[in-house]
Amino acid sequence: MSTPRWFTETKEGHSEWYIERFRTMARENDLAGEARLIDAMVGRGSRILDAGCGPGRLGGYLHAVGHDVVGVDVDPKLIEAAQQDHPGPRWLVQDLAEPGLPALADAEPFDAIVCAGNVLVFVAEGTETAVLRNFRERLAPDGFAAVGFHVNRGLTPDQLDAYAADAGLRTDLRLATWDVKPWHDGADFAVTILRPA
Ligand SMILES: C[S@@+](CC[C@H](N)C(=O)[O-])C[C@H]1O[C@@H](n2cnc3c(N)ncnc32)[C@H](O)[C@@H]1O
């Protein structure tokens, strides 16, 4: 299996720096904006996958407001931080590109998948379709995946649409921000809602 760019394009100690950065920000800021949009889009007590969850800020919020949350990330240090800082969800080490997502073997289909914070930019190059295919296979028939990333980091919205189509997903909605500003040419960020085709 290819190594995610999260490991190959960052320096030694990056995981520890990232964990501490978000712990500091959590004390000072609102860190759950993306999760508040997801919460508004699903029914109460939904099943939600936090895909590439990092240290757990989004899954932690979604669990706190009553959803059944599973978070997966390829970085064991970040999963350990999620377990410490946000007890409640199931936090699992899993490469999102691995066929079938074996860590989720016993999981029921998800009503929503949140894939925020540039995760798709950090997966190993060439594995984007494999990741999205796993999303497709794990979604309930009326479920959706919300994918957010900066568009100047090697992945464009058009490329995402093509990868998604190959994976059996269709682009339902594109926004420029997680607080629902409309998509427009020149936007530097894209939030895309994908549904089973
Ligand atoms: C910038 S962080 C975002 C973390 C979290 N989604 C958030 O918004 O706070 C990117 C995350 O993608 C994860 N990641 C990258 N490639 C991955 C893969 N192939 N499978 C699972 N997680 C991956 C990294 O480990 C890292 O936690």
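Rules behind the numbers
Residues numbered from 1 in each chain as written. Predicted model: local features only at pLDDT ≥ 70, side-chain atom pairs only at ≥ 80, totals over all residues. Heavy atoms only, no water. Helix = DSSP H or I, 4+ residues; strand = E, 2+ residues; numbered from the N terminus. Areas by Shrake-Rupley, 256 points an atom, 1.4 Å probe, with all protein chains shown as cover. Lys, Arg positive; Asp, Glu negative; His and termini not counted. Charge placed at Lys NZ, Arg CZ, Asp CG, Glu CD. Axes fitted to C-alpha atoms, helices over the stretch in contact; angles between N-to-C directions. Parallel < 35°, antiparallel > 145°, perpendicular 65-115°, else oblique. Left-handed = near helix turned anticlockwise from the far one by under 90°. Contact = heavy atoms within 4.5 Å. Nonpolar A, V, L, I, M, F, W, Y, C, P; charged D, E, K, R; others polar. Buried < 20%, exposed > 50% of the residue type's maximum accessible area, 1.4 Å probe, protein only. 1 Å grid on protein atoms, 1.4 Å probe; cavity = no way out; pocket = protein on both sides within 12 Å on 5 of 7 lines; lining within 4 Å. Points joined across faces, edges and corners; volume = space filled by probe spheres on them.

Colleague: Tell me about the overall build of the chain, and please be specific about residues and values.
Modeller: Along its length, the chain carries eight helices and seven strands. Along the three orthogonal principal directions, the C-alpha set of the chain runs to about 40 × 35 × 35 Å. Counting only carbon and sulfur atoms, one obtains 50% of the accessible surface of the chain, whose full area is about 9200 Å². Taking the 19 positively charged and 30 negatively charged side chains of the chain as two groups, their mean positions are separated by 2 Å.

Colleague: Explain the packing of helix 7 (residues 128–138) against helix 8 (residues 157–166) residue by residue, including any values.
Modeller: Their axes nearest at 8 Å, the elements helix 7 and helix 8 cross at an angle of 55°. Regarding the angle of helix 7 to helix 8, the classification is oblique. Between helix 7 and helix 8 lies a crossing of right-handed hand. In this structure, helix 7 uses Glu 128, Thr 129, Leu 132 and Arg 133 to contact helix 8, whose residues at the interface are Leu 160, Tyr 163, Ala 164 and Asp 166. Its residues placed into classes, the contact of helix 7 with helix 8 shows four nonpolar, one polar and three charged.

Colleague: Quick one: what's the story with helix 3 (residues 33–41), residue by residue and with numbers?
Modeller: An α-helix turns once every 3.6 residues. As a result, residues three or four positions apart point the same way. Within helix 3, burial applies to Glu 34, Ala 35, Leu 37, Ile 38 and Asp 39. Of the surrounding elements, those touching the buried residues of helix 3 are strand 1 (47–51), helix 4 (57–64), strand 4 (110–115) and strand 5 (139–150).

Colleague: Could you give an account of the layout of surface pockets, naming the residues involved and the relevant values?
Modeller: Empty space within the largest pocket amounts to approximately 760 Å³. Of all the secondary structure elements, the ones that give two or more residues to the lining of the largest pocket are helix 2 (14–28), helix 3, strand 1, helix 4 and helix 6 (119–122). For the lining of the largest pocket, the per-class residue count stands at 19 nonpolar, eight polar and nine charged. Here the second largest pocket is characterised by a volume of approximately 230 Å³. Around the second largest pocket, the lining residues are Ile 19, Phe 22, Arg 23, Ala 26, Leu 31, Ala 32, Pro 55, Arg 57, Gly 60, Tyr 61, Asp 85 and His 86. Among the secondary structure elements, those contributing two or more residues to the lining of the second largest pocket are helix 2 and helix 4. Here the lining of the second largest pocket gets four residues from one element, more than from any other, and that element is helix 2.

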